[in-house]
2 protein chains.
Amino acid sequence: MIKNGLVDDANQKTVEIILAGDPVLTDIKLAIEVIPEMSNETILHSGPPISWKEMCQAQKNAVIGGMLFEGLADSHEKAIKLVERGEVILSPCNEHATVGGMTGITTASMSVYVLKNLKYGNIAFCNHHEGWPIKALHWGNNDTDVITHLQWLDRVLTPVLRFAIKEMGGLNVKKIVSKALNMNDECHSRCTAATALFIAEIAPYLATSDLDRDSVKQSFEFLRRSEVFFLHIIMSAIKSIVEPAKGIEYSTIVTNQARNGVEFGIKVSSLGDEWFTGPASPIHGLYSPGYGSEDAGLDIGDSCVTELVGLGGFSIAASPSMALMKGETTEQALEQTKQMAKITFAKNPFFTIPYLNFEGAPLGIDIRKVIETGITPFIDTAIIHKNGGLIGSGIACAPLQCFEKAIQAFKKKYQQ
Amino acid sequence: MIKNGLVDDANQKTVEIILAGDPVLTDIKLAIEVIPEMSNETILHSGPPISWKEMCQAQKNAVIGGMLFEGLADSHEKAIKLVERGEVILSPCNEHATVGGMTGITTASMSVYVLKNLKYGNIAFCNHHEGWPIKALHWGNNDTDVITHLQWLDRVLTPVLRFAIKEMGGLNVKKIVSKALNMNDECHSRCTAATALFIAEIAPYLATSDLDRDSVKQSFEFLRRSEVFFLHIIMSAIKSIVEPAKGIEYSTIVTNQARNGVEFGIKVSSLGDEWFTGPASPIHGLYSPGYGSEDAGLDIGDSCVTELVGLGGFSIAASPSMALMKGETTEQALEQTKQMAKITFAKNPFFTIPYLNFEGAPLGIDIRKVIETGITPFIDTAIIHKNGGLIGSGIACAPLQCFEKAIQAFKKKYQQ
């Protein structure tokens, strides 16, 4: 039997560490400069570890795109050969204090956000969200346009945002998320308010900068059109506040949650570095005209790090517009958030849900409760075509298997 | 007896005109250049007509402030003498295609928004919201700081915003309101999202302008700090879409609604230029520390033009944060919006309420329904000190008397 008293104390400690987190966007640097154990030949990907052979096609496309972007290969064929010969290192973002959206491909010369958790001093990383284009590396595309846009992000957007962030002495991300969650964002699939608030924060600093003015203009135009842009800043912020909550003995709180389009994986605070996995789920939602479930890839990306602290699917009641986009009513969204409260240990007082009279969002997935109730985390997510490209938006349910494996490991560790 | 068939047809026509309105912020000009029947000695004020003697102290303070700002007098005493001698013209904003926030004082050399209703070609006006300071002309203050800030608005902010508005070829206000109402703004007392979206709209145009860069910076800093700023743009937009709905025979829809701190006045589409008035109401809400209801002035300002189309108190269910600021629960806010649906003729498909599954906001106050139900419009509003200064935020109920007078006039006109 699990000693619930010990576990509750451990879980309390775990969520207190998460709540004490103070994530500040301090800089934007090259991945190679800052990400631990990064190399020019390293291709980081979303989700738990996976081999090239097992990867879904969209993620494979993005690996190839990443290699083209880096100049590791000059054709798809050459890229594939290099990967097959093991001349590039495939590694999960999550093992490098990093999170990656959707396919999650992150390579050496990409710009990454440097998110510092001021409370604990640790740092986490995420590359830019590619914004409004429906073809993008994170969506599993690797066309020339995609590569050109990645280059634009680094060449034009990065210096502009970096200047603003440095000038303002770092951006308090928790404050923006807290505000945006009260503005119809669930801060995962919808970041409309967060992105607008971000623009308002950086605008004064950019007004008097010596930056190329056309770059500033292009950046503002891109941000205005890219309503989910702020998501990757949120993802790295949440990664930075969850990391210190690892390694708490007896804690049954989930501290990693990530999918690679084939498997959904979790880690648990007390259970070290082991991934517990289950099959990635299909996504239920609404499709762009001309597409249907037969076109869709399975659940993918590290963005479900947001659900670990109560955002996204856990706060869908805070975002009727997101619920609507997924074909749900407000009542269904409220019910969904209430379901998530059944599998979480606490409420997040910083992230509140207006239509529940500002009750805190469900915080801290407790593997005991998942097993007891049979309810698994709801993940808000984009839907990509199995061959790449954004085709819809929906909800995935995490597979029960990873929680079953985790609870077995927990019992084994603590009941010997 | 009122011929309900004729009235319903007329009301339908009235709301269709309102819904067809297409308000675009096209320019910012000096009041004297654009406001009809404006002169250097004209002081426009909020609410129905009122004499100097009858004015509340806060509005008197603002009249004096407006005269100091215009250089019509160089001291309070001289200003008062001039007014008492009838050497300035006091006139309601509403009689000049204009709306004024709170005290509503609008003078010749102030910058005003030029809001054009593209559908009908008419134009409406409103001066700048003075933003974050809790002492301001619209709050009924006239200190040197207040005058200096008014000068800053005209000298620094106006050229910056004017440039952006001209460059973008005019700003579609309905689109921003529509979006903001789904982002926890009720677009009267809370315009946090609308203001952030406005910043995002103007930022690209300001990036490459030849404007003084420090003016651009100061403007962004001011806007970021002034979350209700966009209200005055909304007010003039709504004024522009309601004006063409006047003069519809048999229509019982309210087309003006305004208060001067002494009286609450309405006009009705079919009843010409007559104001029907009742006593201005006390405001129920929450006060800044150190203040209470004994300090408060009565309901004041033309901002309740927003309630005519379903914003503000009519859409409080769209803004749990505003409800919270007024000491209400989400359930109370939902109930309040449902109450407003009982006295309105239609729903506004452009302005929707997320937590009612995007049902349209209650549109078109029908004086018949007000009389039948005894329910009067809820107005979201700021609370100012009786001697001037912002001290809280709350809800006022329009007095029944003005609706009783209007229905009598209606019966008299159409039953002879």
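Shown above is the structure to which this text applies.
In this report, we go over the structure that sits alongside the text. (Residues numbered from 1 in each chain as written. Chains lettered and ligands numbered in written order. Predicted model: local features only at pLDDT ≥ 70, side-chain atom pairs only at ≥ 80, totals over all residues. Heavy atoms only, no water.)

1. What to know about the packing of aromatic side chains
Residue and element names in this part refer to chain A.
- All told, the structure shown has 13 aromatic pairs over all chains when counted by the stated rule.
- Taking 6.4 Å as the distance between ring centres and 20 degrees as the angle between the ring planes, the aromatic pair formed by Phe198 and Phe229 counts as stacked. Linking Phe198 in helix α7 (residues 192–207) with Phe229 in the loop between α8 (213–225) and α9 (231–242), this pair joins segments that are 31 residues apart in sequence. Exposure class is identical for Phe198 and Phe229. Each is buried.
- Following the ring pairs from residue to residue traces out a cluster consisting of Trp152, Phe198, Phe222, Phe229 and Phe230.
- Above the plane of the ring of Trp132 lies Arg225, whose end atom (NZ or CZ) is 3.5 Å from the centre. (Phe/Tyr/Trp six-rings, centres within 6.5 Å; stacked < 30°, edge-to-face > 60°. Helix = DSSP H or I, 4+ residues; strand = E, 2+ residues; numbered from the N terminus. Buried < 20%, exposed > 50% of the residue type's maximum accessible area, 1.4 Å probe, protein only. Lys NZ or Arg CZ within 6 Å of the ring centre and 35° of its normal.)

2. Section: the environment of A:His129
All names here are of chain A.
- Mapped onto the elements, His129 comes out in the loop between β5 (123–127) and α5 (144–167).
- Since its relative accessible area comes to 5%, His129 is described here as buried.
- Sequence separation between His129 and Leu6 is 123 residues, and the spatial gap between their C-alpha atoms is 40 Å.
- Those residues within four positions of His129 in sequence are excluded, and the remaining contacts are Tyr113, His138, Leu153, Phe222, Val228, Phe229, Leu231 and His232.
- A distance of 2.8 Å separates the side chain of His129 from the backbone nitrogen of Gly131, its partner in a polar contact. (Contact = heavy atoms within 4.5 Å. Polar contact = N/O pair within 3.5 Å; in protein donor to acceptor, adjacent residues only side chain to side chain.)

3. Concerning the interface of chain B and chain A
- Every contact between the two is made by 38 residues of chain B and, on the other side, 38 residues of chain A.
- Counting the surface lost from both chain B and chain A, the interface buries some 3200 Å², and carbon and sulfur atoms represent 61% of this.
- Among the residues of chain B in contact with chain A, B:Met183, B:Arg224 and B:Tyr355 are the three that bury the most area, contributing 21% of the side total.
- The tally of links from chain B across to chain A stands at 4 salt bridges.
- For the salt bridge of B:Arg224 with A:Glu201, the shortest nitrogen-to-oxygen distance reads 3.4 Å. (Buried area = accessible area lost by both parts, 1.4 Å probe. Salt bridge = Lys/Arg side-chain N within 4 Å of Asp/Glu carboxyl O.)

4. Here's the deal with the pairing of strand β14 (residues 378–384) of chain B
All names here are of chain B.
- Burial runs high along β14: 7 of the 7 residues are buried.
- The pairing of β14 with strand β15 (residues 390–397) spans 7 bridges and is classified as antiparallel. Residue pairing in the sheet places Ile379 in a bridge with Ala396 of β15. (Pairing = 2+ DSSP bridges.)

5. Focus: the relation of the copies chain B and chain A
- For these two chains of identical sequence, chain B goes onto chain A by a turn of 180 degrees and a shift of 0.0 Å along the axis, with RMSD 0.0 Å. Both chain copies can therefore be described as sitting about a two-fold axis. For chain B, the smallest separation between a C-alpha atom and the rotation axis is recorded for B:Met183, amounting to 2.1 Å.
- A share of 100% of the interface residues of chain B reappears at the interface of chain A, consistent with the copies meeting face to face through the same patch. (Least-squares fit on C-alpha atoms with pLDDT ≥ 70 in both.)

From the geometry alone we can't say anything about function, so treat these as descriptive.
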